[in-house]
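Residue-level listing of the chains:
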Amino acid sequence: MNRKQQILELAKKQSIIRAKDVEALGISRNYLYTMHKAGLLQKTAVGLYSLPNAEMNENANLVEVAKLLPNAVICLISALSFHEITTQIPHKIWIVVPRGAWRPQIDYPPLHLNYVSGPAYSYGVEEHVLNGVVVKIYSPAKTVADCFKFRNKVGLDVGIEALREVWRTRKATMNELVEAAKINRVLKIMRPYLEATV
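Small disclaimer: the values here were computed from a predicted structure and weren't measured.

The helix and strand tally for the protein stands at eleven helices and eight strands. Considering only C-alpha atoms, the protein reaches an extent of 60 × 35 × 25 Å along its principal axes. Sorting the 198 residues of the protein into buried and exposed places 46% on the buried side. Within the protein, residue pairs in contact and separated by at least 24 positions form 55% of the contacts whose partners lie at least 6 positions apart. Positive and negative side-chain charges of the protein, numbering 26 and 17 respectively, have mean locations separated by a distance of 7 Å.

Attention now goes to the environment of L32. Residue placement: L32 occurs in helix α3 (residues 30–37). Accessibility expressed as a relative area gives 2% for L32, which makes it buried. For the pair formed by L32 and N71, sequence separation is 39 residues and the distance between their alpha carbons is 24 Å.

What follows concerns the nonpolar core. V144, L177 and M190 are the most contacted members of the largest nonpolar core, which totals 34 residues. Elements that contribute at least two residues to this core include exactly α5 (76–83), β5 (93–98), α6 (119–122), α7 (140–149), α9 (156–168), α10 (174–183) and α11 (187–197). Examining the composition of this core, we find that six residues originate from one element, α9, more than from any other. Apart from residues lying up to four places away in sequence, L177 is in contact with A141, V144, L163, V166, W167, A172, M190 and L194. Counting residues in hydrophobic clusters, the runner-up holds 19 residues, among them V63, A79, L111 and L130.

Under the criterion given, the structure shown has one aromatic pair. Between F148 and Y193, the aromatic rings sit 5.7 Å apart at their centres with planes inclined by 40°, giving tilted as the arrangement. Taken together, the positions of F148 in helix α7 and Y193 in helix α11 put the pair 45 residues apart, joining distant regions of the chain. Since its relative accessible area comes to 28%, Y193 is described here as partly exposed.

Looking now at the pairing of β5. Along β5, five of the six residues are buried, which leaves the element largely enclosed by surrounding structure. As defined by bridge partners, strand β4 (residues 73–74) adjoins β5 across two bridges and the pair is classed as antiparallel. The partner of V73 across the bridge, within β5, is V96. Pairing of β5 with strand β6 (residues 111–116), which is carried by six bridges, proceeds in the parallel orientation. Along β6, the bridge assignment pairs W94 with H112.

So, about α10. Inspection of α10 places M174, L177, A180 and A181 among the buried residues, and these make up the whole buried set. Summarising the axial view, the buried residues of α10 lie within an arc of 130°, below the 170-degree limit, and thus occupy one face. Buried residues along α10 sit in contact with α7, α9 and α11.

Further remarks concern the pairing of strand β8 (residues 133–138). By the bridge criterion, six bridges tie strand β7 (residues 125–130) to β8 in an arrangement that is antiparallel. Paired with V125 across the bridge in β8 is Y138. With antiparallel pairing between neighbouring strands as the criterion, β7 and β8 make up a hairpin whose turn holds two residues, including N131 at a positive phi of roughly 50°.

Under the definition given, this model contains four salt bridges. Measuring nitrogen to oxygen at the nearest pair gives 3.4 Å for the salt bridge that ties E9 to K12. Taken together, the residues E9 and K12, both in helix α1 (residues 3–14) and three residues apart, mark about one turn of the helix.

Moving on, we come to the packing of α7 against α10. Where α7 contacts α10, the two axes come as close as 8 Å, and the packing angle between them is 45°. Viewed along their axes, α7 and α10 adopt a mutual orientation that is oblique. Between α7 and α10 lies a crossing whose hand is right-handed. The residues of α10 that touch α7, namely those facing A141, K142, V144 and A145, are E176, L177, A180 and A181. Partitioning the contact of α7 with α10 into residue classes produces six nonpolar, no polar and two charged.

Conventions adopted
- Starting from 1, residues in each chain are numbered consecutively following that chain's sequence as written.
- Where local features are concerned, this predicted model is filtered to residues with pLDDT of at least 70; where side-chain atom pairs are given and counted, the filter is 80 or more; whole-chain, interface and lining totals use all residues.
- In computing side-chain values, all of the structure's heavy atoms are included and hydrogens and water are not.
- Secondary structure is summarised from DSSP: a helix means a run of H or I of at least four residues, a strand means a run of E of at least two, and numbering begins at the N terminus for each.
- Buried, partly exposed and exposed residues are distinguished by accessible area as a fraction of the type maximum, computed with a 1.4 Å probe on protein chains only: under 20%, between the cut-offs, and over 50%, respectively.
- Any two residues whose heavy atoms approach within 4.5 Å are treated as being in contact.
- Residues scored as charged are limited to Lys and Arg (positive) and Asp and Glu (negative), so that His and the chain ends carry no count.
- Throughout, a charge is located at the NZ atom of Lys, the CZ atom of Arg, the CG atom of Asp or the CD atom of Glu.
- Definition used in this section: a nonpolar core is a set of buried Ala, Val, Leu, Ile, Met, Phe, Trp, Tyr and Cys residues joined via side-chain atoms within 4.5 Å.
- Pairing of aromatic side chains requires ring centres within 6.5 Å, counting the rings of Phe and Tyr and the six-membered ring of Trp. Pairs whose planes differ by under 30 degrees are stacked, by over 60 edge-to-face, and all others tilted.
- Think of it this way: DSSP has to see at least two bridges between two strands before they count as a pair.
- For this quantity, the arc is that covered by the directions from the helix axis to the C-beta atoms.
- Salt-bridge detection follows one rule: a side-chain nitrogen of Lys or Arg within 4 Å of a carboxyl oxygen of Asp or Glu.
- Each axis is a line fitted through C-alpha atoms, and for a helix only the stretch in contact is used; angles between axes span 0 to 180 degrees, taken between their N-to-C directions.
- Roughly parallel covers angles under 35 degrees, roughly antiparallel covers those over 145, roughly perpendicular covers 65 to 115, and oblique covers all other angles.
- Helix crossings fall into two classes, left-handed where the near helix is turned counterclockwise from the far one by less than a right angle and right-handed where it is turned clockwise.
- Classification convention: Asp, Glu, Lys, Arg as charged; Ala, Val, Leu, Ile, Met, Phe, Trp, Tyr, Cys, Pro as nonpolar; all other residues, Gly among them, as polar.

Right under this line is the structure:
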């Protein structure tokens, strides 16, 4: 198999590839530019390529973010939408990065960036394979607790709606919700809503 075929196979498997992926195969990143110019690959964002006829679904932007920012975790409205526990439609990709991390310089997809540290960053991270790419997304319970933690950004009503929906659909247990609330230090705020939900 020649180098171009290797890159095409990788693009088929992962849906979106970047220079690092190609270099990991021992192939020069220059092939990406050449193949793009020849119409064998299309540029989806700066440094990201896919097959020209690649089927992209609603998770394509989440995949792009995961490729560009490996330490980012999809959170809040974007995570609620992914888990189907909200009526909100995210117009930006909501992400969390560790406090102190550099601010990503990405024009597209548009991001809504939040910084957290310690267990509030690491707790409740799930890895979902979307279009062949591992994407980090907070669990339903952690996402609900995040909505209460960031209620000034998303609105308390969004947190309450998510809590009711996560409970109705059984996507989180009471223990998971309480644990996530403790990690985020919002148990006092969430307790009346948790009690009203049961």
